[in-house]
Structures are given as structure tokens and as C-alpha cells.
Amino acid sequence: MMGEQDDHAQPFIVGDGEGGAKEASNNREYDIGNHNAERYAKNSKTFCTNGVVTSKYSFRPTNRNFFLTKNIYHQLHRYSNVYFLLISILQQIPGISPTGQFTTLLPLCLVMFVSLLKDTIEDLSRHRRDKSSNAQLASVFRKSGWEKVMWRDVCVGDFVKVEKECEFPADLVLLWSESEKGMCHIETSNLDGETNLKLREAHVEPAEWPLGGFDPAHPGKYEGTLHCKHPDDDMYSFGGYLDRVDGEMRKYRASISVDSILLRGARLGGGTPSVIGVVVYTGRETKLMKNQRDAVRKLSQLEKRTNTQILGVLACEILLCVVCGILRGVAVHKHGSSQPWYLGYSDINPTAEGTSAILTLFILFNNLVPISLYITIEMVRYMQKFMIEWDVEMFFDVEDAASASGAEGAGDGRQTHGAMVHSSSLNEELGQVQYIFTDKTGTLTCNVMDFLKFSVSRQRYGQGTTEIGRAAAARAEQKLNRVIPAEWTEPEFQGQRKKFPFFDPKIYDEAGNCMWLRQENCADLAEFFKILAVCHTVVTEISKDGSLKYQAQSPDEKCLVTGVRHLGVEFIGRNGDELTLRIHKFNKTEETVEEKWTLLNTLEFDSDRKRMSVIVRDPQGKLKLFCKGADTVFFEAGEGGGSKRLRGNPSAYERSVRERSREYLNQFAAEGLRTLVVAKADLDEKRYAEWAPKYKKATENIGSRDRLIAEAAEEMEKDLVLVGTTAIEDKLQKGVPATISLLRAAGIKLWVLTGDKQETAINIGFACALLNNDMGVFKFADSGPQAVTEGNIGVTLRNYARDADSVRRDYGQELAMVVQGQPTLQLIANDAETCEKYFLDIARHCSVVICCRVTPGQKARVVKMVKQRVGQYATTLAIGDGANDVSMIKEAHVGIGISGLEGLQAANSADYAIAQFRYLQRLLLVHGRWNYRRNSKVIIYSFYKNTCLYLTQAWYLMYNQVTAQPLYDSWSMSMYNVLFASFPILALGIFDRDVEPKRLVGDDKSPGLKQFPELYMIGRDGRLFNTRVFWKYTLNAVFHSCVCFYIPAFGTFLMSDPDTGRELDMTAHGLAGYTACMFVVTVKCGLEVMSWTVINISVTLLSLGLWFFFVWFYGDLIAGSEGGSPPVWSKVFGHFKLPLLWLVVVLTVTLALLRDVLWKCYKHNIEPNLVHIIRQWENKIANQSRVTFSEGERDFDRNTLKKERPKLFPREMVKKYKKKTQARQDDAPEEHPAVDKMCHDDWFQQLEMIAHDAGEDQGKKEDAHNGWNPPVVNGNGYGTPAQPRTSLIPGAGPPSSNPLLHGCSPLNMNRKQTFTVPSRGMMSRDDL
């Protein structure tokens, strides 16, 4: 019973004693015997308090997280804020600033204050949650008995009593439960999102101990020392043991299992009235708080490119200041002697004057970098967040989904899940995704399991097939026979089929009778069903209607136990170590028999072992081991070539069972079913007696507990006899094929990272439209003479890369690649420098990559490899639903979690959360694309408007000897970004849209509506914001600034003051130029708007109105009042009465924007892109009232289009555009090779067909065209073969130079048909 103490353990005393809290050499000890204030004070100093703080800031000035200092510190990490702070400091130097001392500081303070206010408001909600949580009451045993104390006052070592439906205030070790056998059920939805109940067992001490157990009537008498690991973030493990000492100072030790741990945040559920536990971890050391890490801040590609452009603007600004400073020094040196004496030129040093001018001009031009850029984009993103979360098209009804799938609990309560935005700073990143990495189970599938097939001995049971099986049969041109009786499709049987879709008349008939009892091998079948009913961790509970309900952490286990329940072997429940089974007779209405099984040990499942086992005693007292797990575990080769786990020297019958089982497993995998192998072993009492102490010692170890348990389990799980196999269907989610088709048409490459077998993954790929028969598929063999090894992996990858490049270049065929985590990806990781390059060269040419048998760590490594090595701006997105996907989600540029049946770990760790995979199409193609367009325009326009206004100062320098004399009033320049020019672009960034959502993702109300997912390529290729586009807008702003300076300058020479009759001075020039510039930038913003609304019109008028109000309020009421500031723009509002001033403004706006208007007309009518075409289609046809697009009732009228095509798009324009675009593609950089040729061919064909004259015979051309036939859906929702069409590659493909290609199906070029599952109304070439 004795054991060595782990050096890494932290012990504390449980029970009465004298020491209190004290530190040992490497351990902590805690005495709870003295329930007084002194003990509590010592404990509070030794261990952390139970109060939690999730807020970022503190409101106490002495705290290091004081909100004012910490927020300012974080804001100064932005280069722009540091830049403007430097400008503000320079403005304080006397004689340097031409714009006043506070014209930059006050706007900077305003911008930072708004950001501070936003962060503080968000943090206040966290403060309220912390206060509410810490003030909850808990029942704690103290010296005077049970007391109610606040959670923040609970400390380590306290005995805490928790009532039903209450949360646990800290991490506890369960010592006593009011339920039988010390059991209790907990609900952990706050921790992992799983709503099913989990079983926990009270810590049990061996019966041979002379010490008494925990007595709830006298808790203070319970003494001992508890050893445990230091706090960590692993919620599913706990290492610790309890030492107790009797009166003779003999030590007794018992391990503490993770099944006895109650975590903070979980809730006591089920039928347990109350429990008592001892506190082990408090406050920030609880596992809940250990998992609440600050998310890593991700920068969008748009923001990275913006930072690059800011550096370019700063470089230009510095260059401008230096050149002007030199010119200032030259002017002083050259003209100083000829200037009037009162200017003081004779006393000025030209060098000093030039140097001073550089600083002055740097202040004057500081707003070439817009001070409001970040706050503008943050406000836009913040509002876009609500646009995403309020989108009703992405709301998911849980009740409807549960009813449709036949899942238990349907109808218990209606819930809806919408999209959640956790990181709005990546909104535009959603519109630039090039690679999507997705999990399969729970992401592409429902994670709602149906028990469809199994095999026992040499017999296979279960008829019918799956959606994936139907698609596989269609690809192989096989006819499926109808095996399900017609009467089973009648309405009275539909409810039964939803609950249990298994059908085989030899096992189970339509009346629910157990036909298997009449089979010759009924004994083998009964043993198989009993193993499935015993080997699991399922928990039972009684529902409100009195029926028995199963709860399980794994949906697979729940499915198997539920399946055998329907087949007549029902798991009733567990009472401590006792498991109860109810065996039904042939007719379930007849008398049943109950069996009692004793559970001795549970060897739990984990991702490394890939199996679970139980050691039990059957009703006859025989010792048995039952095991179920992945097929690779049982057929893994051992020494001598035999199985590592199955019994050696098998009989002929056993060998035939293994061969048949492997055949059945492959057949099940071909139908996309999840498979498990079931095995057993009869244990010898002596063998078990020798093994049990080793296992017990392993469970008591703290530092290496998991490893030692795995080694002990490995020792026992040998010499197994294969009993049978199971096959479970995990159905595809609704809309997955359509979503994948749309994403691929949008030019996005998809990678599926799954732990399934290669056959299963490939068949699922075909079923969900990832793969089709026209694709060339690269596969890597993992066994046989063609298997990849460490010696040939480099040669194989190099040859494959050469083949992929040749096929894509010469034939344009779509390619796909299928690899396995073991050994291929592992071999690539071992030789990353050589292999990764060739591997990614192949992947660049592939539209789809499927990685099988990958671990969670390999998922993250694959994402990291693509992110780092495929281009600087290749945006990656990872989507998953389980805890095993968290590392992949965090590694990608954008992480999306699905709130599925595996919990909320992925959803909580992701940047965005959605309820179903199908909502990804709307999130990317609609919101992502819109936000990319909007935010690109916001950033470019922010620089444009500042360049347009502030560069007029540079032109003015030519006429004042580079003295940095400002043309405008200093406060008007400060308010420009804050008030006058900010609102129109905000409205554009929040509300603007170019095409309706139904043109991107379709409309359920209009299934025939045509879609144009290729519009997404604009953001994917970064066409709206790049260096070329940015500097084009900047040069345009330079031209506009030139017009806004010279036209008002010459115009004011012709004006005179209406009151005095004198010529107008520079004040009027500045007023006229500023007004003209306001109208230019406002109208320019209007030209960028694609959809005008009342909001756009209102904010545009508001923006201009604020300018005139400012001139009147500041110029006439403040600057012109007595005692006011120097009247720079004093009494200037009257200038607006001059008709000539308005003529100047109109002329300036016209000349400045004439080029923009003409260019837009040219692009819309002569050289349109697809957006222009769609908009003109809808506008012209809607105006004719022949089709109402807004209602989505009908689609384009073909006759109308034929009549309108010649008027809209001349043939010469189409040819010119095609030639220009093709040249642009040919010159595209290698890191953007993902331009989907198929989509671009469709685009060119659309243009050509639109340009046809009305009299041409369009029908013949359509019949002869080899277009992309959209897949179709039959009445049952299953995919059916599309019409035969000619392959994209005429004739056979080129011979491969790779000897390993033989037998691996690298290129399938001669297939004639496509078998894919459909997309809704996908746009095809013939449709136009």
C-alpha cells in the first residue's frame, strides 16, 4: 500500500491537525482541522483565492491593470498612434507648428478616447459577470458547522456541499454522494458544450482499511494528506492519491481517479440531491480558468497590406518635406537680400531655416496618413459583426434538425443558433480565403449515428445502403437492388425507421421481433450484443415521461448501445460496479430475463490507443475482457508477421473469421460507414491477480500516470478473439454538397483532414461533390511494393509534381490528391526541406486534397505548412467542431468553429462560430465578399480624401516661398477627418452591396435562380486592394488636389468682397478650395457606392451640412467674437453669398471628377466585368417588368436577353476583354495559381454568348458546347449521375515517368460521366 512520493506533487493535509498551511521542500501541506480565522488566513496566503477575474482592466489606480494606463499602452502599439503622438509633441515646440499646438493632439485624444470607451464598455460586462460569480453562496463546513459563504471565500481543503442543479464553486474531489453507491451525474455544458450527463463516482477507499470513510454527519473527523499535480489545463486527466494514517502511524494510500473530480463550471444534475467534496484547486488555478487564455491577435491580410502602404506614404511624405526644406533654404539664400527688411531675411541662416522647414512641413503634411483610419475601420467592422450575427439565413433550428435525424430529445425545447463573431478584425479576411481545411466528422457530417450494419463470425447483417454507397454504386455503374420491403415506406413505419433505421429480416423484422433468436448462430449473436451492451461508458437516466434515456460522451457508443437495445439486449443501468442487462425474448412483449455483470476495470479510450476495454465477471462468475476499437489496432502486425493483439496460431475457423471481417470492413468503408472491431478474451484468475496491482499502482502515479496505464492495458489486451465488426452511418449534413460545389466554383481549394480510412474518405469525397470522375487523383500507397518509404518519398513527390504541372498546363484537367497521415505526412515532416516543396507543388495544382488517418497535431502542422510556404498572402481557413480541431483552428488565418454534438470547444476557440457547414457559403461568399469590398474601399478612400485636401498645401508652397503658411484654418483641418468627411464612408463600409445575396449563394425560395460564385475571386486574388490599386487612387487624389487648388485660386482673383468691394485674400481662396474639396471627396464617395439607400443620402447631406455649420458657428460666432482667437476664418460665411464662388465650386467638381465619371461609364458599358453585367441585366429587365428579381420568383427571360445582348455588349468588347484577361492570367505570380480554369472558361463563354446577335442560331452552339453540367438531385435528395459529356481531356493522358504511379490511379482522364451530388441552381455555360 505504500509508494514513493512524486517530486512534482503538491500535498496538503485533509482533516484535523496542528500545522495549518506550510511549505515543505517540494510540497505544500494544508491542515483543515482548525476551522478558525488563523487557518483561513494561512491558507489564503499559501494558495490562491477562489475569486476569479476575467476582466482586462481594473478601476483601481494602484493596480497594474488600471484601465487608463493599460489601454493607452496597448493603443500605442499601433504605429499610426505613435506617429501622431510624435506630431503632437513637435507641435508643442514654439515656432515650429504652422497649424497650432493642439490641432493634432485633440483629434488623437478623441480617437484614443473612443477606443478607450469601447474597450471599457466591453470590459464592464466582464466586471459584472465576475462580481456576480464571486458573490454566489456555497455551503462550506467550518468550525461551527455548515455555513453559507461567498464563492470568493472558499479555500483549498474546505468541505463543500453542493445541492442539485447548482454549480460547483471550485474543483472538488467527490467524497460523498446522496445517491446509491456514491454516484452522481454532472452536466458540463459550461465547460465543453456537451449537454449529456456524465457519471462521477465518489472516492472509494479499500474495504480492508481500518479507517472509517467520509461521514457527512461529522466531516471534521476525516483526516488525510492529498497529493496532486500542479494545476494544468487538461480537463480530462487528474493525477493524485490520498494518504491516511491510523492510530499506529501506519500509512494507507488510495489513488484518486479523474472520475471523482468535479470541475468548477459544471453542474450537479440527474437525480442526485446533494454531494460533498473537498476543494483541490481554487480561483485562477481551476481547470476552467486555466483554459481561458487570451486569444492570439490575428492581423488580416488587408491590415498587413495597409501597414505596407503606410510606410510608403510616410516615405513619400518625408521625401516631400526634405525636398521642400531644401527649396526653402535655397529661397532664403537666393532671395534673402532682395526681400523687405521687416521680413528679417538678413538674420536668417539658410541651413537652419531649411532644417526648421522640414519639421514644420512634416507637421503640415502629417494628415497624409489619416488619423481616423483605425477608428473608422474598427467602427465599420464592429457594425459588420452585427450584420453577420443578425443574418436570419444563418440561424439554425435545433429542434427541426433533431426531428429530421431522429435524434433523441427532439421536441424537448426549440433552440436556434446564429453565427457568432469573436474577432471582428478578420471580417474582410473571410472574403480572401484561398484554402479551406475542414474536419469531416461533425463538420461535413451530422455526428448523429445510425447503427446500420454489423458482422458476427462469418456472417454479415444489415441491408440497404447509404447516400455515399449510392454515389459509389453510380460511379461504378452498378444497379442497386431494392431490399427494403415496400410496407416499410408506409407512414406508420416512418417513426420506427427514424428511431432505428437498421433492417435485416434475419435479425429484426418490421414488427420489432428479435428474429436473430431463430438463427443457427444465435449464441454468437447474443454474445456480440452483450459485449456491445457492457463495453462502454454510457450513463442511463429516467426522462420526464418515465422512459429510459442514454447519455454518453461519444455518440458512437450511444448509437451502439441504443442499437442492441432495439435488437433485444437492453442496458438498464449501473449500480456501482454492477451492470444490469435485460434480455428480451423473441417477442418484446413477452417476459424478459435480467443479467448482472460485475465491472472490475475500465481501460478507457484515447486518441493514441484507439480502443477501449472492460474487464468484467459474467453472471456465471467467469472473468472476461471485452475490447472494441479501430481496425488498425487489431490487425496491426506484430512479431513474426502475425497480429499484435489477436491470438496467435489461430484455428482455421478463426482465420476465416478474420479474412471475412476484413472484407466486410472494406465494404463498409466503401459505403462511408464508421467501423469498429469487437474482440474478447477469457482471462485467467491468476493472470488477473498478478496484473491488478500493477494497474492500481499505475493509477496512483502522478507524473507518468497516463503512460503507465497505457502500458498496463497493453499487457492485458493480448490474445484476443475477434467476435465481429460494427458499421455506423454518420450522415452528411444538409447542404454540404451544394456548399462545396459553390466554394470550388468560387476558386477556393478544399483540404479535408480526417482520421478515417482512405476508402471511406474517398467515397465521402465523391458523395459531397469534392471529387468527380473527371478528376485525376494522386494517391500514395501505404503498403505493398509501391508503398512510399523514407527512401523513395522524395522521388515520388518530385515525379508527381512534374506530372501535375504537365497535366494542368497541357490539358487543364482538375486534379485531386489523397494522402495518409501515416506514413506519408510523417515522412514529409521528417524531411521538410526537401519534401514540403514538392508536396506543395502538387497541392497547388490540386483543387481538392484529402488527408486520411491524421492526428490533431498533424492537422495543425499541415495548416502551418500551407500558411507559411504558399505565398505571402495565401489566406487559410480551418473549420471544425471538436476539441481535436482546436489546434488547427488556431493555426489558420481564420478559424471557424461549429457548435455541434462534440461540444463548444471549437466554437469558443474560433474567430467565428456557425451552426452548420452549409452556412459557410453565406459567411464567405456573401458577408466575406461584401466586407472585403467595403473595407478595401474604406481604407483606400481614407487615404484618398486626406491626400486630396492636404496635398493642396504643397501646391500653395510654390507661391509663398515654401514658408509652410497654411492655406486653411487649423481647426478646419482637424475636423476634416473627425466630422466632415467621415460619415459617408462609414455608411458605405456598413451598408454597401454590389449584387444581391441570391446571386452568390442562391435562394431556397427560387431553386432555379442562377448563381455567380466566381465573383468571390475578386477578394481571393486581392484585386480591390493591392499596391497597384492603392497608388492608382493616390495618383488620382494628387490630380484632384491640383484641381482643387488651382481652379479656386484663379477663380478668387475675379471675386471681390460684397461688403467692402476689395479683392478677396487667401482666406477666401482657402474657403473656396476647402469647399470644393469637400464636394469632390463627397461626390467621389458617392461614385463608389453601389447601392444607394436613405442612410447613404442622409449621411451625405449631413456631412456637407456640418461643413457649412462649422463655417458659420466657428467663423462668425467664435473666431469673430471679441476676445476670440485670431480670426483666420473670421466672418467668412458671407462669402457663400457670392454666385461666382459657387461657380468655382461647380467647375472644380466637374473638372476633377469628369475623368472618374467617364471611366466608370466606359467600364460599365464598354468593358464591363461580371458585376456590371449582372447589375445591368437586373436593372434593364426589371424595368421592363418581365421579370421581378427582387421577389426571386422567376429568372432571366432568355428571349429578352437575346434582344438586349447586342445593345448591351458589342462583340469587339468581348474579344478585347477576353484577350486582356487571359494575358493577365498568364502573367499571374506562381503563388496565385488557383485561378479556376473552369470558372474562367464559363465567364468567357458567358461574355461571348451575351455578345451574340439576336439572329444567330444560339441553339446549335448550346447543343455542341461541352459545358459544366450541374449535378442534379432526385426526389429523395440523393445524388444521381449527370448527363454524359465529353471529357475535358481528349484522348489518353501522357505517360508518367513515375514508376509508382502504376496501380495508384494518379490520372483518370478517359472517364465519360460525372457523378456528383448537386448544387442549387449552379450556373452553367449553357444557362446563359
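Remember, it's a predicted structure, so these values are computed and weren't measured experimentally. (Residues numbered from 1 in each chain as written. Predicted model: local features only at pLDDT ≥ 70, side-chain atom pairs only at ≥ 80, totals over all residues. Heavy atoms only, no water.)

**A few points about the pattern of salt bridges**
Right, on to step 1. What the rule picks out here adds up to 48 salt bridges.
Right, on to step 2. A salt bridge links R647 to E654; the nearest nitrogen and oxygen atoms lie 2.1 Å apart.
Right, on to step 3. A relative accessible area of 35% places R647 in the partly exposed class.
Right, on to step 4. The exposure class of E654 is buried, given its relative accessible area of 13%.
Right, on to step 5. Note that R809 and D805 form a salt bridge whose closest N and O atoms lie 2.4 Å from each other. A residue pair is termed a helical-turn pair when its members lie 3 or 4 positions apart in one helix, as R809 and D805 do in helix α21 (residues 793-810) at four residues.
Right, on to step 6. Owing to a relative accessible area of 32%, D805 belongs among the partly exposed residues under this scheme.
Right, on to step 7. Bridged by salt links that share partners, the residues R565, E570, R582, E594 and K596 form one connected network. (Salt bridge = Lys/Arg side-chain N within 4 Å of Asp/Glu carboxyl O. Buried < 20%, exposed > 50% of the residue type's maximum accessible area, 1.4 Å probe, protein only. Helix = DSSP H or I, 4+ residues; strand = E, 2+ residues; numbered from the N terminus.)

**Remarks on the environment of K440**
Right, on to step 1. Here K440 is to be found in the loop between β19 (433-438) and β20 (445-456).
Right, on to step 2. Residue classification places K440 among the buried positions, given a relative accessible area of 3%.
Right, on to step 3. On a C-alpha basis, the gap between K440 and D756 in space is 8.7 Å, while along the polypeptide they are 316 residues apart.
Right, on to step 4. Apart from the residues within four sequence positions on either side, K440 is in contact with T445, R674, V752, L753, T754, D756 and I764. (Contact = heavy atoms within 4.5 Å.)

**Considerations on the environment of D439**
Right, on to step 1. Within the secondary structure layout, D439 lies in the loop between β19 and β20.
Right, on to step 2. Using a relative accessible area of 5% as the deciding quantity, one classes D439 as buried.
Right, on to step 3. In sequence terms D439 and D885 are 446 residues apart; their C-alpha atoms lie 7.3 Å from each other.
Right, on to step 4. A distance of 3.2 Å separates the side chain of D439 from the side chain of K859, its partner in a polar contact. (Polar contact = N/O pair within 3.5 Å; in protein donor to acceptor, adjacent residues only side chain to side chain.)

**Focus on the nonpolar core**
Right, on to step 1. The biggest cluster of nonpolar side chains holds 153 residues, and the ones touching the most others in it are I436, L877, I896, L920, L924 and W1107.
Right, on to step 2. No other element matches the 17 residues that helix α27 (residues 919-950) contributes to this core.
Right, on to step 3. Once residues within four sequence positions are removed from consideration, I896 is found in contact with L430, L877, A878, I879, G880, I889, A910, Y912, I914, L920 and L923. (Core = buried A, V, L, I, M, F, W, Y, C linked by side-chain atoms within 4.5 Å.)

**Some points on helix α2 (residues 67-75)**
Note that an α-helix has 3.6 residues per turn; residues three or four places apart therefore point the same way.
Right, on to step 1. Looking at α2, one finds that the buried residues are F67, N71 and Q75. Down the axis of α2, the buried set is contained in an arc of 55 degrees. They therefore lie on one face.
Right, on to step 2. Tucked into the core, α2 has its buried residues touching α3 (79-91) and α4 (105-134). (Arc of directions from axis to C-beta.)

**What about the packing of α27 against helix α33 (residues 1027-1052)?**
Right, on to step 1. Axis separation between α27 and α33 bottoms out at 8 Å; the angle between their running directions is 25 degrees. Considered as vectors, α27 and α33 are oriented roughly parallel to each other. Judged by the twist between their axes, the crossing of α27 over α33 is right-handed. On α33, the residues touching I940, F943, Y944, T947 and C948 of α27 are V1029, F1030, Y1033, T1034, A1037, V1038, H1040, S1041 and C1044.
Right, on to step 2. Here the residues of the contact of α27 with α33 are counted per class, giving ten nonpolar, four polar and no charged. (Axes fitted to C-alpha atoms, helices over the stretch in contact; angles between N-to-C directions. Parallel < 35°, antiparallel > 145°, perpendicular 65-115°, else oblique. Left-handed = near helix turned anticlockwise from the far one by under 90°. Nonpolar A, V, L, I, M, F, W, Y, C, P; charged D, E, K, R; others polar.)

**A few points about the sheet that holds strand β35 (residues 875-880)**
Right, on to step 1. In spatial order, the strands read β18-β37-β36-β35-β19-β31-β34-β33-β32; together these nine strands make up an open sheet with mixed pairing. Bordering the open sheet on either side are β18 (420-421) and β32 (776-779), each of which pairs with just one other strand.
Right, on to step 2. Across six bridges, strand β33 (residues 815-820) lies against strand β34 (residues 846-852) in parallel orientation. Residue pairing in the sheet places V819 in a bridge with C851 of β34.
Right, on to step 3. Packing of α27 onto the sheet brings it into contact with β19, β35, β36 (894-898) and β37 (912-914), and relative to β37 it is tilted by some 140 degrees. (Pairing = 2+ DSSP bridges.)

**Quick notes on a negative patch on the surface**
Right, on to step 1. On the surface, D234, E604, D606, D608 and D706 cluster together into a negatively charged patch.
Right, on to step 2. Relative to the elements of secondary structure, E604 occurs in the loop between β26 (593-603) and β27 (611-617).
Right, on to step 3. The partly exposed category is assigned to E604, whose relative accessible area is 40%. (Patch = residues over 30% accessible without salt bridge, like charges linked within 9 Å, V, L, I, M, F, W, Y side chains within 5 Å. Areas by Shrake-Rupley, 256 points an atom, 1.4 Å probe, with all protein chains shown as cover. Lys, Arg positive; Asp, Glu negative; His and termini not counted. Charge placed at Lys NZ, Arg CZ, Asp CG, Glu CD.)

**Comments concerning the packing of aromatic side chains**
Right, on to step 1. Per the stated rule, a full pass over the model turns up 52 aromatic pairs.
Right, on to step 2. A ring pair is formed by F437 and W751, whose centres lie 5.3 Å apart and whose planes are at 50 degrees; its orientation type is tilted. With a gap of 314 residues between them, F437 in strand β19 and W751 in strand β31 (residues 749-753) connect regions that are remote in the sequence. The pair formed by F437 and W751 is uniform in burial state, with each residue classed as buried.
Right, on to step 3. An aromatic cluster of at least three residues, connected via ring pairs, comprises F451, F454, Y461, F502, W516, F528 and F529.
Right, on to step 4. Taking the ring centre of F386 as reference, the NZ or CZ of K385 above it sits at 5.8 Å.
Right, on to step 5. The aromatic ring of Y550 is capped on one face by R565, whose charged end is 5.2 Å from the ring centroid. (Phe/Tyr/Trp six-rings, centres within 6.5 Å; stacked < 30°, edge-to-face > 60°. Lys NZ or Arg CZ within 6 Å of the ring centre and 35° of its normal.)

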